[in-house]
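Each chain is listed here by its residues.
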Amino acid sequence: MKESRTSKAVTVAWDVIVKSMKSLGDGDRDVPLAQDLFHVMGVVKLATLLANKRGLNSEIVTITMILHDHGRILTGVWDGHDAIGPPLVRRLLERMGDFTPEEIDLIVKLTRTHRQKDQIGDPYEECIRDADVLDIYLGGTAGWTREVEPLREYISKNRRRIENLAEELGFRIIEP
Ligand SMILES: [Fe+2]
């Protein structure tokens, strides 16, 4: 059976993660690597769910989520990870060799704009941003995020988005 592009993306992403793990300890990271990895696992599932519900291409959404925080995973730096990630993501996708230029442009664009949570984008941008916010919100309410204060700030900044998601998916908002 032919290996899926999502499965290949997981392998490619894992190579980057392992390389980064060897070169950078948690003391040099704004977010511990374990938290970043659990976050990626969370957003992949949430974005797939949202994509299916909203009639979007879940393969593109899933692959984007696997790669969307690579700028931070590789460098350990939160600020500007949405600018560092896109060229890296482009290189990885080009090297994988089974994406059209349009698909690469779309995934790269989604990586670049995933932090613009205060803006309303196209349905794909919204799916990525919503999944990102939802994972951090859910992680926060489950108590596994290390720093509560920045989390509260993040949630209040993205309140509107969380309220819309609560309505769309039918859950009740819990304060962390
Ligand atoms: Fe993220």
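Overview of the structure. Predicted model, so just to flag it, every value in this text is computed and none were measured.

What to know about the overall build of the chain
- Counting its secondary structure elements, the chain contains nine helices and zero strands.
- Relative to the globule expectation of 16 Å for 176 residues, the C-alpha radius of gyration of the chain, 16 Å, shows essentially globular dimensions.
- Once the C-alpha set of the chain is aligned to its principal axes, its extents read approximately 45 × 40 × 30 Å.
- When each of the 176 residues of the chain is scored for burial, the buried share is 32%.
- Of the contacts formed within the chain by residues at least 6 apart in sequence, a portion of 59% connects residues at least 24 apart.

Side note on the nonpolar core
- In this structure, Ala 47, Met 65 and Ala 131 are the most contacted members of the largest nonpolar core, which totals 31 residues.
- For this core, the secondary structure elements donating two or more residues are helix H1 (5–23), helix H2 (33–54), helix H3 (58–67), helix H5 (81–96), helix H6 (101–113), helix H7 (123–141) and helix H9 (159–169).
- Looking at this core element by element, the count peaks at eight residues for H7.

Let's talk about H3
- Of all ten residues making up H3, eight are buried, and the element is well covered by its neighbours.
- Where H3 is concerned, the buried positions are Ile 60, Val 61, Thr 62, Ile 63, Thr 64, Met 65, Ile 66 and Leu 67.

Focus on the packing of H3 against H7
- As a packed pair, H3 and H7 sit with axes 11 Å apart at the nearest point and diverge in direction by 45°. The orientation of H3 with respect to H7, classified from their angle, is oblique. In the packing of H3 onto H7, the handedness of the crossing is right-handed. From H3, Val 61, Thr 64 and Met 65 reach across to H7, where they touch Tyr 124, Cys 127, Ile 128 and Ala 131.
- Tallied by class, residues from the contact of H3 with H7 come to six nonpolar, one polar and no charged.

Digging into the environment of Ser 4
- With respect to the element layout, Ser 4 can be found in the segment before H1.
- Classification of Ser 4 as partly exposed rests on a count of 13 C-beta atoms within 10 Å.
- Placed 34 residues apart in sequence, Ser 4 and Phe 38 show a C-alpha to C-alpha distance of 22 Å.

What to know about H6
- The end-to-end C-alpha distance of H6 is 18 Å, a good match for the 18 Å that 13 residues give at a rise of 1.5 Å each.
- By the burial criterion, the buried members of H6 are Ile 107, Val 108, Leu 110 and Thr 111. For H6, the angular spread of the buried residues around the axis is 160°, confining them to a single face. Summarising the geometry of H6, the exposed residues directed more than 90 degrees from the buried face are Pro 101 and Glu 102.
- Residues of H6 that are buried sit in contact with H3, H5 and H7.

Thresholds applied
- Residues numbered from 1 in each chain as written.
- Predicted model: local features only at pLDDT ≥ 70, side-chain atom pairs only at ≥ 80, totals over all residues.
- Helix = DSSP H or I, 4+ residues; strand = E, 2+ residues; numbered from the N terminus.
- Rg over C-alpha atoms; globule rule 2.2 N^0.38 Å.
- Buried ≥ 20, exposed ≤ 12 C-beta atoms within 10 Å, placed from the backbone.
- Contact = placed C-beta atoms within 7 Å.
- Core = buried A, V, L, I, M, F, W, Y, C linked by C-beta atoms within 7 Å.
- Axes fitted to C-alpha atoms, helices over the stretch in contact; angles between N-to-C directions.
- Parallel < 35°, antiparallel > 145°, perpendicular 65-115°, else oblique.
- Left-handed = near helix turned anticlockwise from the far one by under 90°.
- Nonpolar A, V, L, I, M, F, W, Y, C, P; charged D, E, K, R; others polar.
- Expected span 1.5 Å × (residues − 1).
- Arc of directions from axis to C-beta.

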